[in-house]
Amino acid sequence: MTITVQENVQLAQYSVFKIGGPARFFVVAKTKDALIEALHFAKEKTMPFFMLGAGSNILVADKGFGGIVIKNELNTIAANEDTGIIRADAGISMPRLVVEAAKHSIAGFEWGIGIPGSIGGSVRGNAGAFGKEIKDVLVSASVYDIETGKEKTLTNENCAFGYRDSIFKHHPNLIILSATFQGEKGEQSAIQNRIKEISGVRSKTQDIGAKCAGCIFKNPKWPNEPENRARLLKEFPELTQFQDRETIPASYLIDHAGLKGKRIGNAEVSFAHANYITNEGGATADEVIQLIAFIKEYVHRMYGVMLEEEIQYVGFDKK
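A brief structural summary.

Definitions and limits used
- Note that residues are indexed from 1 along each chain, following the sequence as it is written.
- At least 70 in pLDDT is required for a residue's local features to be given in this predicted model, at least 80 for side-chain atom pairs to be given and counted, and no such filter applies to totals for whole chains, interfaces and linings, which use all residues.
- Excluded from the side-chain calculation are hydrogens and water; included are all heavy atoms of the structure.
- In this description, a disulfide is simply a cysteine sulfur pair whose atoms lie within 2.5 Å.
- Note on exposure labels: buried denotes an accessible area under 20% of the residue type's maximum, exposed denotes more than 50%, and partly exposed covers the range between, all computed with a 1.4 Å probe on protein chains only.
- Secondary structure elements are defined from DSSP: runs of H or I of at least 4 residues count as helices, runs of E of at least 2 residues count as strands, and each element is numbered from the N terminus.
- Nitrogen and oxygen atoms within 3.5 Å of one another constitute a polar contact, given that in protein one can donate a hydrogen and the other can accept it, and given that sequence-neighbouring residues count only through two side-chain atoms.
- Contacts are assigned to residue pairs that have any heavy atoms within 4.5 Å of one another.
- For cavity detection a 1 Å grid was placed over the protein atoms alone, and a set of points counts as a cavity when a 1.4 Å probe fits there but cannot get out; an open set counts as a pocket when protein lies on both sides within 12 Å along at least five of seven lines, with lining residues being those that have an atom within 4 Å of a point.
- Grid points are joined across faces, edges and corners, and a volume is the space filled by probe spheres set on the points.
- Three classes are used: nonpolar for Ala, Val, Leu, Ile, Met, Phe, Trp, Tyr, Cys and Pro, charged for Asp, Glu, Lys and Arg, and polar for all others, with Gly counted as polar.
- An axis is simply a line fitted to the C-alpha atoms; with a helix, the fit covers only the stretch in contact. Between two such axes, the angle follows the N-to-C directions and lies from 0 to 180 degrees.
- Should an angle lie under 35 degrees it is considered roughly parallel, over 145 roughly antiparallel, and from 65 to 115 roughly perpendicular; all remaining angles are considered oblique.

**Details of the state of the cysteines**
- By the definition in use, this model includes 0 disulfides.
- We note that cysteine 212 lacks a disulfide partner, and the nearest cysteine sulfur, in cysteine 215, lies 8.9 Å from it.
- Cysteine 212 gets classed as buried once you look at its relative accessible area, which sits at 6%.

Next comes the structure, spelled out in structure tokens:
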């Protein structure tokens with residue numbers, strides 16, 4: 001075995017939330033071969049595994065994870081200025097993809113500058129911001145299928161993208177190795193200005209640098225039944241501003257429910273962005289879970305809308 005398998009590694013240090021207990025086994029995979037070997041190790045030991053990217057958008061249980069955590073650090077990226085094609089390994093961060101695109105005068109990725117996740121996590125969750133999503137720029141994804149032991153390429157259509165969803169969330173046997181993206185030829189100065197503009201908006205409205213996982217909840221869809229939608233708009237006319245959208249901003253519902261600053265233990269609903277929960281120092285996963293449950297119940301009681309988590313639970317029994 002060429003990989004180094006560590007034991008009882010504290011996962012809080014690898015989580016943006018800075019929350020979570022130890023992983024029974026832990027492997028840092030810097031090459032594709034190492035990643036595949038780690039997956040084989042998990043399969044041989046018949047133990048659960050978790051692919052760790054940038055550590056954002058996850059909540060790790062206080063008891064940790066009883067299987068093997070594989071930290072994906074594959075980090076090759078290549079851009080072709082003439083074609084606008086960019087190929088990036090799954091371990092590359094979204095901001096690095098944006099910077100690499102800008103360096104080669106490739107537009108269409110500026111929206112991703114503030115997304116703290118990796119390429120792998122972003123493709124898995126069809127990450128998005130400012131009206132754009134991964135599905136808008138992805139050409140294909142190179143994946144490893146644990147069940148067959150083979151690599152294959154999935155087209156954009158094969159990925160079955162939906163709102164914060166993809167085939168990868170429903171088929172955990174498919175491990176993202178890299179992704180190929182298509183951008184547009186642009187002017188470097190205009191691209192840089194757009195990046196600065198988006199960064200400025202994010203810095204004013206979000207907890208940049210805080211110990212948080214990003215958005216906790218997905219934006220809920222409008223009720224399917226016309227009468228329920230009409231009732232919601234009649235009872236809460238302020239929601240009219242969102243009636244042309246497919247979803248209602250979860251942050252708006254949480255904010256107008258008066259929950260900014262709501263705190264359980266050291267977990268707190270952010271004052272800057274109501275869809276963020278911050279670790280104010282020493283927060284536990286249990287405290288975050290309690291706060292999430294409180295928010296869901298409160299918003300449901302007020303609006304009749306049930307929020308659904310966007311974050312991924314790691315190491316929990318029934319999540």
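The structure having been displayed, the exposition proceeds.
**Considering the side chain of asparagine 72**
- Mapped onto the fold, asparagine 72 is located in strand β5 (residues 65-72).
- Here leucine 74 takes part through its backbone nitrogen, which lies 3.0 Å from a polar atom of the side chain of asparagine 72.
- Ignoring any residue separated from it by four or fewer positions in sequence, one finds asparagine 72 in contact with Ala29, Leu35, Met51, Leu52, Ala90, Gly91 and Ile176.

**Some thoughts on empty space enclosed by the protein**
- Overall, the coordinates contain 1 cavity of 30 Å³ or more when judged by the stated rule.
- Each pocket or cavity is described by its volume, and for the largest cavity that value is around 40 Å³.
- In terms of lining residues, the largest cavity is bounded by Leu11, Tyr14, Ser15, Phe50, Leu52, Ile58, Val60, Val69 and Val314.
- Put simply, the parts of the chain that give the lining of the largest cavity at least two residues each are β3 (49-52) and β4 (58-60).
- Taken together, the residues of the lining of the largest cavity break down into 8 nonpolar, 1 polar and no charged.

**Points about the packing of helix α2 (residues 94-103) against helix α5 (residues 188-205)**
- Where α2 contacts α5, the axes come no closer than 9 Å and their chain directions differ by 155°. By the angle class used here, α2 and α5 are roughly antiparallel. Facing α2, whose interface residues are Val98, Ala102 and Lys103, α5 presents Gln188, Ile191, Gln192 and Ile195.
- Residues belonging to the contact of α2 with α5 are distributed by class as follows: 4 nonpolar, 2 polar and 1 charged.

What is shown is where atoms sit, not what they do.
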